[in-house]
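An overview of the molecular structure
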Amino acid sequence: MRVATLNLWARHGDWPARRAVLAEGLRSLEPDLVAVQESVVNDSYDQVADLLGPAYHIVHQGSAEPDGTRASIASRWAFGEVWAARMPVTGRVDLSEFAAWVGVAEVRAPSPLLFVNHKPSFRLGEERERELQAVAAARLIEEVLDGREWPVVMAGDFDAVPDSASMRFWRGLQSLEGMSVCYRDLWEWAHPGVDGHTFTPVNPLVTGGNWPLETGRRIDYLLVRCTGNGPSLRLRDCRRIFDRPVRGVWASDHFGVAADLG
């Protein structure tokens, strides 16, 4: 099973050129499950369907910014039930933005699983909000599981570095708000000690946009929930995607992450 996550950066920049690179790359990658952030869906256009083609089932976040920017989940297999929640955990969360959302989808793969797209608050100073949103998302997942031992694959642009409290919570390194969980960080599992930045000034779309002084962070993740003594799926490979220009074109201001699981 191949899983990927990518922030599409909506239709900013040279969208026709970026679209060609994204469509070509995603169709070559052939992921089975895809979590995307900053996808544009409106009455006349579905960016995710456009890029992936007709072979996917797609679920979109219900709320969106005025231009249709939101988050989405895609799967080669049909979806069963889908659960979603906005997370206005403090007065600083702006619900006119697409962030502060989690979507949980039952995937009717040969062995059922849950696929989660988590998009918490993005501002640098809102780690408290990300902590509370992590707890809210984790509680929703546990409620959905209701004791079932289904594998859970979580993906997303978490806007938090590995050592932040919210990511330490997900990785089972600390509790928050009286709760603890444990998810295996697939990049860390495959590449211990390698920074793996996904939002970096190496990409000129980062420093040429709203983040001119960005120094580089790993903020895009694939995670697998642990049960008993370890993760519920075996990792075969994990790598960054769209981390270099194609024909001089950078696909997005984020690098994505893809993993093969078994």
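The rules behind each value
Residues numbered from 1 in each chain as written. Predicted model: local features only at pLDDT ≥ 70, side-chain atom pairs only at ≥ 80, totals over all residues. Heavy atoms only, no water. Helix = DSSP H or I, 4+ residues; strand = E, 2+ residues; numbered from the N terminus. Rg over C-alpha atoms; globule rule 2.2 N^0.38 Å. Buried < 20%, exposed > 50% of the residue type's maximum accessible area, 1.4 Å probe, protein only. Contact = heavy atoms within 4.5 Å. Areas by Shrake-Rupley, 256 points an atom, 1.4 Å probe, with all protein chains shown as cover. Lys, Arg positive; Asp, Glu negative; His and termini not counted. Charge placed at Lys NZ, Arg CZ, Asp CG, Glu CD. Phe/Tyr/Trp six-rings, centres within 6.5 Å; stacked < 30°, edge-to-face > 60°. Lys NZ or Arg CZ within 6 Å of the ring centre and 35° of its normal. Expected span 1.5 Å × (residues − 1).

Concerning the overall build of the chain
On a plain count of helices and strands, the chain comes out with six helices and 14 strands. Taking 2.2 N^0.38 as the reference for a compact globule, 262 residues should give roughly 18 Å; the C-alpha atoms of the chain span a radius of gyration of 17 Å, in line with that estimate. Looking at the chain residue by residue over its 262 residues, the buried ones come to 56%. Sequence separation of at least 24 residues holds for 67% of the intrachain contacts in the chain that already meet a minimum separation of 6. Counting every atom, the chain has about 10900 Å² of accessible surface; 49% of that belongs to carbon and sulfur. Charge separation in the chain, taken as the distance between the mean sites of 28 positive and 35 negative side-chain charges, equals 3 Å.

Considering the packing of aromatic side chains
Tallied over the full model, the rule gives six aromatic pairs. Considering the side-chain rings of F169 and W170, the 5.6 Å spacing of their centres and the 65 degrees angle between planes classify their relative orientation as edge-to-face. Assessed through its relative accessible area of 0%, F169 is described here as buried. Assessed through its relative accessible area of 0%, W170 is described here as buried. Aromatic side chains W250 and F255 sit 6.1 Å apart centroid to centroid with 15 degrees between the ring planes, which places their arrangement in the stacked category. Here the two residues W250 and F255 agree in accessibility, since each one is buried. Clustering of aromatic rings is evident, with ring pairs tying together F158, F169, W170, Y183 and Y221. Positioned above the aromatic ring of W189 is the side chain of R184, whose terminal nitrogen or guanidinium carbon lies 5.0 Å from the ring centre. Note that R217 overlies the ring of W211, its terminal NZ or CZ placed 5.2 Å from the centroid.

Points about helix α3 (residues 127-145)
Its 19 residues give α3 an end-to-end C-alpha distance of 27 Å, which sits within 8% of 27 Å, the value for a rise of 1.5 Å per residue. Among the 19 residues in α3, 14 count as buried, and that is most of the element.

Comments concerning helix α1 (residues 15-29)
With 15 residues, α1 should reach 21 Å at 1.5 Å per residue; the first-to-last C-alpha distance of 20 Å fits that figure. Within α1 the residues assigned to the buried category are W15, R18, V21, L22, A23, L26 and L29. Against the buried residues of α1 lie β1 (2-7), β3 (45-46), α2 (47-52), α6 (204-207), β13 (235-241) and β14 (256-261). Just past α1, the residue E30 takes up positive phi, approximately 55 degrees.

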